Amino acid sequence: MNCRTKFSKNPYNLCLDINTVNKYREFTEIFEKYIFNLKFQNGQRIIDSNRKTGFIGLVYGLKNLLNLYEYLNSKYGLNYLLSYKLSQDHIETFFSAVRMRGGHNNNPTCKQFFTAYKKLLVHNQATASQYGNCLAMLDPTELSVVNVGPDSITSQINETDEAIVVEHDHSYFQSLKRLSPLVENISEYIGGFVVKKTLKKINCAICQQSLYKTFTNNILINLKDRNDALIKPFRDVVDICLIAERVFRSCDNIFKNNIKNSLFTKIKRHIIYSSTKKNFQELDDHCLSQNLFNNHRDQLIALIIYIYLDVRLHHAAKESNHNKIKLRQKLTKLILFRNE
């Protein structure tokens, strides 16, 4: 009842097909007689006692599995059946992960369950507690509803992975891999938050007006903007955020010392030498009377880069601690039921 592959070498772990169904049926009949004849020391049969549930359930589980295969084979032409695919361990693992989202509260309300379900749906891996009543026999990524690949917003790069910076013989500058439309939409969405933080730090009215606009074609922003309260970043802000995202993903170790200044230098260099147009061209007249190397345009670009890096570094640090077992989750049963 635990067959997971069609090519198992164990004779009693083969999949149910036309060649093995008769062998399994004979084994089930022998096993049924053996279970039904088991007795306690006082002569009472186990199936007649109060402890009969597990024994009878195991026998009828085998018989129902054989009947299920014959039904599917005759009606739908199913060639073979893997019994492990019918196991309820997967949903038990998922419910265990839902309870873990609540910390000390493992009896969530409908709203808490809905929130935990959405979080598990987005964050991909449904890993259950190691103290549950069933163990996950598959890798957590195989139980995922959504597979987050290389285009995910979270860049989990190991030191042994290849860097995503691609160099060519005819390239004067490093070229970075193109971001997917999903990541571009998310980066623009983050750009709205960057503009919101930037507006609080600057007091120049002309520079403030060059940061946002009244409409956008971004799908994510339009989907999230229910009350017309989100800030729509200007195209130049979005371009800076996309360049910052590419450079951030090209970094092989974001937790080394002074990484923020190092990333800032790379992003600023990429903006200067690789951009096809000058950012914030509407500020040209505004910057004529200012310092050539420290005008409002340069200060604005630097501020946008630093705020975007703060957001991404904070998210990366949070994700690095996401899979660690917290003390509250590990000792939840001990804390709740220690007096029983």
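One structure accompanies this document, and this report is about it. Residue numbers here run from 1 along each chain, matching the order of that chain's written sequence. The predicted nature of this model means local features are confined to residues of pLDDT at least 70 and side-chain atom pairs, given and counted, to a pLDDT of 80 or more, with totals for whole chains, interfaces and linings taken over all residues. Excluded from the side-chain calculation are hydrogens and water; included are all heavy atoms of the structure.

What about the overall build of the protein chain?
Numbered from the N terminus, helices here are DSSP runs of H or I no shorter than four residues, and strands are runs of E no shorter than two. A count of helices and strands for the protein chain gives 12 helices and four strands. With a 1.4 Å probe rolled over the protein chains alone, any residue whose accessible area is under 20% of its type maximum counts as buried; one over 50% counts as exposed, and the rest are partly exposed. Of all 340 residues assigned to the protein chain, the portion counted as buried reaches 32%. Considering only contacts within the protein chain whose residues lie at least 6 apart along the sequence, 65% involve residues at least 24 apart. Note that accessible areas follow from Shrake-Rupley with a 1.4 Å probe, and for residues the cover is restricted to the protein chains shown. Approximately 23,000 Å² of the protein chain is accessible, and the part contributed by carbon and sulfur atoms is 53%. Residue contacts follow a heavy-atom distance rule, with two residues in contact if any of their heavy atoms lie within 4.5 Å.

Section: the packing of aromatic side chains
Side-chain rings of Phe, Tyr and Trp (the six-membered ring for Trp) are treated as a pair once their centres are within 6.5 Å; stacked means planes under 30 degrees apart, edge-to-face means over 60, and tilted covers the remaining angles. Under the definition given, this model contains six aromatic pairs. Aromatic side chains F27 and F31 sit 6.0 Å apart centroid to centroid with 15 degrees between the ring planes, which places their arrangement in the stacked category. Taken as a pair, F27 and F31 lie in helix α1 (residues 21-36) at a separation of four residues, close to a single helical turn. Ring pairing ties together the aromatic residues F94, F95, F113 and Y117, which thus form one cluster. A ring is considered to have a charge above it if a Lys NZ or an Arg CZ atom is located within 6 Å of its centre and within 35 degrees of its normal. The ring of Y24 is capped by K23, whose NZ or CZ atom sits 5.5 Å from the centre of that ring. The ring of F215 has K213 lying over it, and the distance from NZ or CZ to the ring centre is 5.8 Å.

Concerning the nonpolar core
To qualify as a nonpolar core, a set must consist of buried Ala, Val, Leu, Ile, Met, Phe, Trp, Tyr and Cys residues joined through side-chain atoms within 4.5 Å. L211, I267, F280, L300, I304 and I305 are the most contacted members of the largest nonpolar core, which has 35 residues in total. No other element matches helix α10 (residues 296-320), which puts 10 residues into this core. With sequence-adjacent residues up to four places away left out, I305 is seen in contact with I240, F264, I267, K268 and I271. Counting residues in each nonpolar core, the second largest holds seven residues, with L16, L65, L66 and L81 among its members.

A few points about a nonpolar patch on the surface
Residues L68, Y71, Y76 and L86 make up a contiguous nonpolar surface patch of about 420 Å² in total accessible area. Looking at the element boundaries, L68 is found in helix α2 (residues 53-76). Patch criteria: residues need more than 30% relative accessible area and no salt bridge. Like-charged residues are merged within 9 Å; nonpolar side chains of Val, Leu, Ile, Met, Phe, Trp and Tyr are merged within 5 Å. Throughout this description, the term salt bridge denotes a Lys or Arg side-chain nitrogen within 4 Å of a carboxyl oxygen of Asp or Glu.

Here we look at α2
Given 3.6 residues to a turn, an α-helix orients residues that are three or four positions apart in the same direction. Each helix should span, by expectation, one fewer than its residue count multiplied by 1.5 Å. Over its 24 residues, α2 runs 32 Å from end to end, which matches the ideal 34 Å to within 8%, given 1.5 Å per residue. Taken together, the buried residues of α2 touch α1. Looking one or two residues beyond α2, the residue adopting positive phi is G77, at roughly 70 degrees.

Thoughts on the pattern of salt bridges
Under the counting rule described, the total for this entry stands at 10 salt bridges. Notably, a salt bridge pairs R297 with D284, separated by 2.1 Å at the nearest N-O pair. Within this pair, whereas R297 is found in helix α10, its partner D284 is found in the loop between α9 (259-274) and α10, the two being separated by 13 residues in sequence. Overlapping salt bridges bring together D225, D228 and K232 as one network.

Some thoughts on helix α3 (residues 89-101)
End to end, α3 covers 19 Å across 13 residues, agreeing with the expected 18 Å (1.5 Å per residue, within 8%). Within the sequence span of α3, burial applies to T93, F94, S96, A97, V98 and M100.

Here we look at the packing of helix α5 (residues 181-201) against helix α8 (residues 235-250)
Between α5 and α8, the shortest axis-to-axis distance is 9 Å and the interhelical angle comes to 115 degrees. With respect to the hand of their crossing, α5 and α8 are arranged in right-handed fashion. Residues V183, E184, S187, E188, G191 and V195 of α5 form the contact with α8, whose participating residues are R235, V237, V238, C241, L242, E245 and R249. For this classification, the nonpolar set comprises Ala, Val, Leu, Ile, Met, Phe, Trp, Tyr, Cys and Pro, the charged set comprises Asp, Glu, Lys and Arg, and every other residue, Gly included, is treated as polar. Tallied by class, the residues present in the contact of α5 with α8 amount to six nonpolar, two polar and five charged. Only the stretch in contact is used when fitting a helix axis, every axis being a line fitted to C-alpha atoms; angles between N-to-C directions are given from 0 to 180 degrees. By convention the crossing between two helices is left-handed if the near helix lies anticlockwise of the far one by an angle smaller than a right angle, and right-handed if it lies clockwise.

Considerations on the packing of α1 against α2
In contact at an axis separation of 10 Å, α1 and α2 are set at 160 degrees when each is read in the N-to-C sense. Judged on the interaxial angle alone, α2 and α1 are roughly antiparallel. Every pair of crossing elements has a handedness; the one defined by α1 and α2 is left-handed. Contacts from V21, Y24, R25, T28, F31, E32, I35 and F36 of α1 reach α2 at F55, L58, V59, L62, K63, L66, N67, Y69 and E70. By residue class, the composition of the contact of α1 with α2 is 11 nonpolar, two polar and four charged. Should an angle fall under 35 degrees it is called roughly parallel, over 145 degrees roughly antiparallel, and 65 to 115 degrees roughly perpendicular, with every other angle called oblique.

Some points on the environment of P108
By the secondary structure assignment, P108 is in the loop between α3 and α4 (110-123). Residues P108 and V98 lie 10 residues apart in sequence; the distance between their C-alpha atoms is 8.5 Å.

Quick notes on the side chain of R297
Given a relative accessible area of 10%, R297 falls into the buried group. Not counting residues within four places of it along the chain, the set of residues in contact with R297 comprises K278, N279, F280, L283, D284 and C287.

Overview of the environment of N217
In this fold, N217 is placed in the loop between β3 (212-213) and α7 (219-224). Judged by relative accessible area, which is 72%, N217 ranks as exposed. Each C-alpha atom, one on N217 and one on K232, is 9.5 Å from the other, the two residues being 15 residues apart in sequence.

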